[in-house]
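A closer look at the structure
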Amino acid sequence: MHIAVMGAGAVGGYFGARLASAGHDVVFIARGRHLEAMRREGLRVISPAGDLRVQNARFTADTNDVGIVDLILFCVKSYDTESAVASLRPMMSDDSVILSLQNGIDNPEKIARLWGQQQILPGVVYIGTGIDSPGVVRHSAGGKIIFGRLDSGAVATAKSIAQTLIGADIPCELDRDIQKVQWTKLLWNAPFCAISCLTRANMREIVESEALTNLALDCMAEVQAAALTRAVDLPRQLFDQAITFSKGLGEFKPSMLQDLEARKPLEYEAFNGIVVKLLRPTGKSAPINQTFYATLQCLDQGIREEAG
């Protein structure tokens, strides 16, 4: 397949490297020092599953350099979705498919406004990755993708993409209720990404604190209420599963804490702002997520001012 990785950072770089190593024609779209390093020395992945090195591939910042592709792994941060999706046009045909591997629950809707639901596959990623240094991705754990369709369209294309991923040693699963899968991940992201940023704590430190664990559970209750506004039911047992899962993560740092430490913009809008936004019209408050949202917005503003 001819594949483009839009946003070839830690997540996109890892999956793109797996696909390139399996023989697919992969173009990596990135920017900054990471792109410069990949152009010089290729992309390196350090992984307990086996290290990878991709050198005979194209690395670019311009989608006009890519040509029409079969599949786009759309891996940009949620705050860049609308600007990035507009730049896909030079790579798209009627048969091209966009697999969104982003955090949050509303990115596929934003993509669909321009490209329609029939060309989009929302996905949820379970992986531990980070940028070790420009051009080097470190994979620590996981690597599974769950994806599905927004509509009831043809499943054949989705099955074909699943086989492509499996052939590249990427575990994946098709799910008929992908929106519930997205909300279930938000049930984890909303509390733990915010708490880790505001306390600078890793997962072990959070779950060993009764006060922080209770704060996470209160945040989850607000996410549960917001999900109901979209007709998605998140049963209480998912809260307990999220806590149990978190206890097994050790000293793992959530993605947003990694971004904060690297002085990159934060995805607080996709994690906490969406909860406040969905509950406000119902007359229900979301004090935990509102507090997270306001404080993270302040941190994000400082990061953006530094970059400016």
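Summary of the structure given here.

The rules behind the values
- Residues numbered from 1 in each chain as written.
- Predicted model: local features only at pLDDT ≥ 70, side-chain atom pairs only at ≥ 80, totals over all residues.
- Heavy atoms only, no water.
- Helix = DSSP H or I, 4+ residues; strand = E, 2+ residues; numbered from the N terminus.
- Rg over C-alpha atoms; globule rule 2.2 N^0.38 Å.
- Buried < 20%, exposed > 50% of the residue type's maximum accessible area, 1.4 Å probe, protein only.
- Contact = heavy atoms within 4.5 Å.
- Right-handed = clockwise from strand over helix to strand, strands pointing away.
- Pairing = 2+ DSSP bridges.
- Expected span 1.5 Å × (residues − 1).
- Disulfide = S-S within 2.5 Å.
- Axes fitted to C-alpha atoms, helices over the stretch in contact; angles between N-to-C directions.
- Left-handed = near helix turned anticlockwise from the far one by under 90°.
- Nonpolar A, V, L, I, M, F, W, Y, C, P; charged D, E, K, R; others polar.

The subject of this paragraph is the overall build of the protein chain. Along the backbone of the protein chain there are twelve helices and ten strands. Whereas a compact globule of 308 residues would reach a radius of gyration of roughly 19 Å, the protein chain reaches 19 Å, a difference of no more than 12%. Projected onto the principal axes, the alpha-carbon positions of the protein chain cover approximately 50 × 40 × 35 Å. Burial status across the protein chain gives 53% buried among its 308 residues. In the protein chain, the share of contacts with a sequence separation of at least 24, taken over all contacts with a separation of at least 6, comes to 70%.

Bringing the pairing of strand 7 (residues 97–100) into the picture now. Here strand 7 shows a buried face lined by Val 97 and Leu 99 and a second buried face lined by Ile 98 and Ser 100. Handedness of the crossover joining strand 6 (residues 71–74) and strand 7 through helix 3 (residues 81–86): right-handed. Where strand 7 meets strand 8 (residues 120–133), three bridges bridge the pair, whose relative direction is parallel. Opposite Leu 99, over in strand 8, you have Leu 121 as the bridge partner.

Time to look at helix 1 (residues 10–21). Three- or four-residue spacings in an α-helix give side chains the same orientation, since the helix completes a turn every 3.6 residues. For helix 1, with twelve residues, the first-to-last C-alpha span of 16 Å sits near the 16 Å given by 1.5 Å per residue. The buried fraction of helix 1 amounts to ten of the twelve residues, a majority that puts the element mostly inside the structure. Listing the buried residues of helix 1 in full gives Ala 10, Gly 12, Gly 13, Tyr 14, Phe 15, Gly 16, Ala 17, Arg 18, Leu 19 and Ala 20.

This part covers the state of the cysteines. Here the structure, examined in full by the defined rule, presents zero disulfides. With no disulfide of its own, Cys 197 lies closest to Cys 193 among cysteine sulfurs, the gap being 6.8 Å. Given a relative accessible area of 0%, Cys 197 falls into the buried group. Left without a disulfide partner, Cys 298 is nearest to the cysteine sulfur of Cys 197, which lies 13 Å away.

Further remarks concern the environment of Lys 77. Examined against the element boundaries, Lys 77 turns out to sit in the loop between strand 6 and helix 3. Note on Lys 77: relative accessible area 26%, which makes it partly exposed. Counting along the chain gives 70 residues from Lys 77 to Gly 7, while the straight-line C-alpha distance between them is 8.0 Å. Leaving out residues up to four positions away in the same chain, Lys 77 has contacts with Gln 102, Asp 259 and Glu 267.

On to the side chain of Asp 259, then. Looking at the secondary structure, you find Asp 259 in helix 10 (residues 255–261). What Asp 259 contacts, discounting residues up to four positions off in sequence, is Lys 77, Lys 264, Pro 265 and Leu 266.

Looking now at the pairing of strand 3 (residues 43–46). Here strand 3 pairs with strand 4 (residues 52–54) via three bridges, running antiparallel. Bridge pairing in strand 4 places Leu 43 opposite Val 54. Between strand 3 and strand 4, which pair antiparallel and follow one another directly, the connecting turn spans five residues, one of which, Gly 50, has a positive phi of 120°. Sheet topology places strand 3 next to strand 9 (residues 136–147); three bridges connect them, and they run parallel. Note on strand 9: the bridge partner recorded for Arg 44 is Val 136.

Packing of helix 11 (residues 268–279) against helix 12 (residues 287–307) brings their axes to within 8 Å, and their N-to-C directions diverge by 145°. Read as a crossing pair, helix 11 and helix 12 show a hand that is left-handed. Contacts between helix 11 and helix 12 involve Tyr 268, Glu 269, Phe 271, Asn 272, Gly 273, Val 275 and Val 276 from the former and Asn 289, Gln 290, Phe 292, Tyr 293, Leu 296, Gln 297 and Asp 300 from the latter. Residue composition of the contact of helix 11 with helix 12, by class: seven nonpolar, five polar and two charged.

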